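Residue-level structural notes
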Amino acid sequence: MHIGIVGAGYVGLVTGACFAEFGLFVTCVDKDEKRISSLKKGLIPFYEPGLDELVKRNIKQGRLRFTTKIAKAVESSLAIFIAVGTPGRGDGSADLKYVEEVAGEIARHMDGYKVIVTKSTVPVGTGEKIREIISKNLRGKTDFDIVSNPEFLREGSAIEDFMRPNRVVIGANSPQAVAIMKDLYKPLYLIEAPFVITNIETAELIKYASNSFLATKISFINEMANLCEKVGADVHMVAKGMGLDQRIGPKFLHPGPGYGGSCLPKDTNALVKMAEEHSVNLGIIDAAVKANERQKELMVQKIKDAMGILKDRTVAVLGLSFKPNTDDTRDAPSLYIIHALVKEKVNIRAYDPVCAGKEDKVSPKVKYCKDPYDAAKGADALIIMTEWNEFRNLELDKIKKLLKEHYFFDLRNIYDPRRMKEKGFKYYCVGRS
Ligand code: NAD
């Protein structure tokens, strides 16, 4: 079977490569010519473990190809996946301009029955909007079906998440479209991955509800961490004690500097906005969003309270990406904290294992260093922003010698507070007094 994927970003490229690995013939389309010409050579435009090998192998075996021409993908495919970005607008709502643009283009090249699948995260009602756009732009009379198939992969483990998902959600109103989708995902049936088959609106909402619930869990434990600091409790033990209750579960109860990334911040805002438009108050999610903003501010305050005057001090920042194993810095807490420190005239020396070369996305004021020790050289303080594995076993004696003062802000709680104090660091973390 031939399928098309429009948008060769984190989601589109992983989806395309994984479907090709399942044995389908996949045409990936992107309007970014530079991206497509690199991909044709097997060069991946972002960091995702294992993707390089998967893309190269499937290109070589003739199941994966790349183009800037949407016609090539539409004409040869039975199903076309839309995987373009849905960034947040100023008011929090999702901007659907790329999705709508692609729907119109797909329609103009349709020459027979097709299934149009939304992989992008889109507000409830978008499926219907796509149906209208396609009907309006068709060249002749052709049947088609719309499917919502939201994506739940996590950057950093995207291939494993696609190949062994917790669930596959398929929202459709036509049995024919459901049968085609099940056929595409056949290898996952064999490993008994759960399928949730529902209508389009429900599928669209499942994605937002899931991300908003995860964001709420993070904000919840961050607020508990702030209370722990005041009352002498240890947030890790609180999380453990809570998480052992099977109704709660241990995941996403790790305190830190606030959630970031390309999904949770924009999806929580979009869901709150969507509910507002229907006069529904999502007070819990609204509170989770506000708690997240406060958490980032609190981290800056923590640094200020400890160090006093910040002007002309130097801080080493370890980690820029919003989490380990990705080079994605979209809405990363590191950006918020770096910008706040730069505003206070702090000199920043930063290091990240894979974000090098993406400097422009952070701040022109930042000096990029070749490793953690280079970053620490002559700095007054060190901040761990992302829990990359290579930061878990730093040579602490060497770091101590390199730092001018010994402030150590471990915003991911990867070190043992007692040990850090014994080593002579002025050690600060989140939720462990
Ligand atoms: P991305 O920015 O990495 O990729 C989007 C791609 O679409 C870009 O390469 C862009 O050039 C291309 N594009 C835009 N308009 C186009 C057009 N008219 N024709 C062809 N290509 C076009 O975005 P992403 O992170 O892959 O996210 C895509 C969607 O998936 C979003 O809705 C996002 O919320 C959702 N999602 C993302 C993740 C994630 O972890 N990144 C996980 C689940 C869902």
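Residues numbered from 1 in each chain as written. Predicted model: local features only at pLDDT ≥ 70, side-chain atom pairs only at ≥ 80, totals over all residues. Heavy atoms only, no water.

Quick notes on the sheet that holds strand S13 (residues 407–410)
Applied cut-off: DSSP calls a pair of strands paired once it identifies at least 2 bridges connecting them. Segments assigned H or I by DSSP are reported as helices when at least four residues long, segments assigned E as strands when at least two residues long, and all are numbered from the N terminus. Lines fitted to C-alpha atoms define the axes here, with helix axes fitted over just the stretch in contact, and angles between the N-to-C directions of these axes take values from 0 to 180 degrees.
With parallel pairing, six strands are arranged side by side in an open sheet as S11-S10-S9-S12-S13-S14. This sheet does not close on itself; its edge strands, each paired only once, are strand S11 (366–368) and strand S14 (426–428). Direction aside, the axes of adjacent strands within the sheet are offset by 20° on average. Note: strand S9 (residues 314–318) against strand S10 (residues 347–351), five bridges, orientation parallel. If you follow Thr-314 over to S10, its bridge partner there is Asn-347.

Points about the site of the ligand
Filter applied, for reference: Only heavy atoms are used to decide nearness, and a residue is near a molecule or strand if one of them lies within 4 Å of it. Pairs of N or O atoms are called polar contacts if they sit within 3.5 Å, as long as, within protein, a hydrogen donor faces a hydrogen acceptor (for residues adjacent in sequence, only side-chain-to-side-chain pairs). With residues, only the protein chains shown are counted as cover, and all accessible areas are computed by Shrake-Rupley using a 1.4 Å probe. When residues are sorted by character, Ala, Val, Leu, Ile, Met, Phe, Trp, Tyr, Cys and Pro go into the nonpolar class, Asp, Glu, Lys and Arg into the charged class, and all the rest, Gly among them, into the polar class.
Of all residues adjacent to the ligand, which total 26 residues, the nearest are Asp-30, Thr-86, Glu-101, Glu-155 and Lys-266. Note that an oxygen atom of the ligand is positioned 2.6 Å from one of the side-chain N or O atoms of Lys-266. Here the ligand has 840 Å² of accessible area as a free molecule, and 90% of this is covered by the chains. Going through the elements one at a time, helix H1 (10–21) and helix H5 (97–108) are the ones with two or more residues in the shell around the ligand. By residue number, the principal contributor to the shell around the ligand is H5, which donates four residues. Partitioning the shell around the ligand into residue classes produces nine nonpolar, seven polar and 10 charged.

Examining the pattern of salt bridges
Going by this rule: Should a side-chain nitrogen of Lys or Arg be within 4 Å of a carboxyl oxygen of Asp or Glu, the pair is scored as a salt bridge. Burial status follows relative accessibility: with a 1.4 Å probe on protein chains alone, a residue under 20% of its type maximum counts as buried, one over 50% as exposed, and anything between as partly exposed.
Throughout the structure, instances matching the rule amount to 31 salt bridges. Between Lys-119 and Glu-151 there is a salt bridge, and its shortest N-O distance comes to 2.9 Å. On the criterion of sequence distance, the pair formed by Lys-119 in the loop between strand S5 (114–118) and helix H6 (126–137) and Glu-151 in the loop between strand S6 (144–148) and helix H7 (158–163) is long-range, its members being 32 residues apart. For Lys-119, a relative accessible area of 2% gives the class buried. Residue Glu-151 is classed as buried on the basis of its relative accessible area of 10%. Residues Glu-405 and Arg-313 are paired through a salt bridge, measuring 2.8 Å at the closest nitrogen-oxygen approach. Of this pair, Glu-405 sits in the loop between helix H16 (396–402) and S13 while Arg-313 sits in the loop between helix H13 (283–307) and S9, placing them 92 residues apart in sequence.

A short note on the pairing of S5
Along any regular strand, the residues point their side chains to alternate faces of the sheet. Stated precisely, the cut-off is as follows: Orient the strands so they point away from the viewer; a crossover is then right-handed if the path from the first strand over the helix to the second runs clockwise.
Burial of S5 is extensive: five of the five residues sit out of reach of the surface. Two elements, strand S4 (residues 79–82) and S5, share four bridges in a ladder whose sense is parallel. Bridge pairing links Ala-79 to Val-115 in S5. Since S4 and S5 lie parallel, the crossover through H5 that links them has a hand, and here it is right-handed. Both S5 and S6 contribute to a ladder of five bridges, which runs parallel. Along S6, the bridge assignment pairs Thr-118 with Ser-148. Regarding topology, H6 serves as the crossover connection from S5 to the parallel S6, and that connection is right-handed.

Here we look at the packing of aromatic side chains
Which entries qualify depends on this criterion: Classification of ring pairs uses Phe, Tyr and Trp, with its six-membered ring standing for Trp, and accepts pairs whose centres are within 6.5 Å; under 30 degrees between planes counts as stacked, over 60 as edge-to-face, and the remaining range as tilted. Charge-over-ring placement is defined geometrically: NZ (Lys) or CZ (Arg) within 6 Å of the ring centre, and within 35 degrees of the ring normal.
This model, assessed by the stated rule, comprises 16 aromatic pairs. Ring geometry for Tyr-10 versus Phe-46: centroids 4.1 Å apart, planes at 25°, classification stacked. In this pair, Tyr-10 sits in helix H1 while Phe-46 sits in the loop between helix H2 (33–40) and helix H3 (51–60), placing the two residues 36 residues apart along the sequence. Between Tyr-351 and Phe-391, the aromatic rings sit 6.0 Å apart at their centres with planes inclined by 70°, giving edge-to-face as the arrangement. Taken together, the positions of Tyr-351 in strand S10 and Phe-391 in the loop between strand S12 (381–384) and H16 put the pair 40 residues apart, joining distant regions of the chain. Of the two residues, Tyr-351 and Phe-391, neither departs from the other in class, the shared state being buried. One aromatic cluster is present, formed by Phe-19, Phe-22, Phe-81, Phe-162, Tyr-185, Tyr-189 and Phe-195 through successive ring pairs. Over the ring of Tyr-407 we find Lys-426; its NZ or CZ atom is 4.4 Å from the centre of that ring.

Re the sheet that holds strand S1 (residues 2–6)
Remark on secondary structure: sheet strands pair via backbone hydrogen bonds, oriented parallel or antiparallel. Heads up, the condition is: In what follows, a contact means two residues having at least one pair of non-hydrogen atoms within 4.5 Å.
The eight strands are arranged S3-S2-S1-S4-S5-S6-S7-S8 in an open sheet whose pairing can be described as mixed. Each having just a single partner strand, strand S3 (64–67) and strand S8 (195–198) make up the two edges of the open sheet. Shown here is a sheet whose adjacent strand axes are inclined to one another by a mean of 20°, direction ignored. The sheet strands contacting H5 are S1, S4 and S5, and the helix crosses S4 at an angle near 160°.

Description of the nonpolar core
Quick reminder of the rule: Here, nonpolar core means buried Ala, Val, Leu, Ile, Met, Phe, Trp, Tyr and Cys residues that are tied together by side-chain atoms lying within 4.5 Å of each other.
Among the nonpolar cores identified, the biggest contains 45 residues, and Ile-3, Phe-19, Val-26, Leu-51 and Phe-81 are the most heavily contacted of them. The element contributing the most residues to this core is H1, with seven residues. Setting aside residues up to four positions removed in sequence, Leu-51 forms contacts with Leu-13, Val-14, Ala-17, Ile-44, Phe-46 and Ile-159. The next biggest cluster of nonpolar side chains, apart from the first, holds 37 residues, and it includes Val-235, Ala-239, Leu-253 and Val-300.

Focus: a positive patch on the surface
Basically, it comes down to this: To count toward a patch, a residue needs a relative accessible area over 30% and no salt bridge; like charges are then connected within 9 Å, while nonpolar side chains (Val, Leu, Ile, Met, Phe, Trp, Tyr) are connected within 5 Å. Under this rule, positive means Lys or Arg and negative means Asp or Glu; His and the chain ends count for nothing. Every charge is mapped to an atom, namely NZ of Lys, CZ of Arg, CG of Asp or CD of Glu.
Together, Lys-40, Arg-65, Lys-69 and Lys-72 make up a region of like positive charge exposed at the surface. Note on placement: Lys-69 falls in the loop between S3 and helix H4 (70–76).

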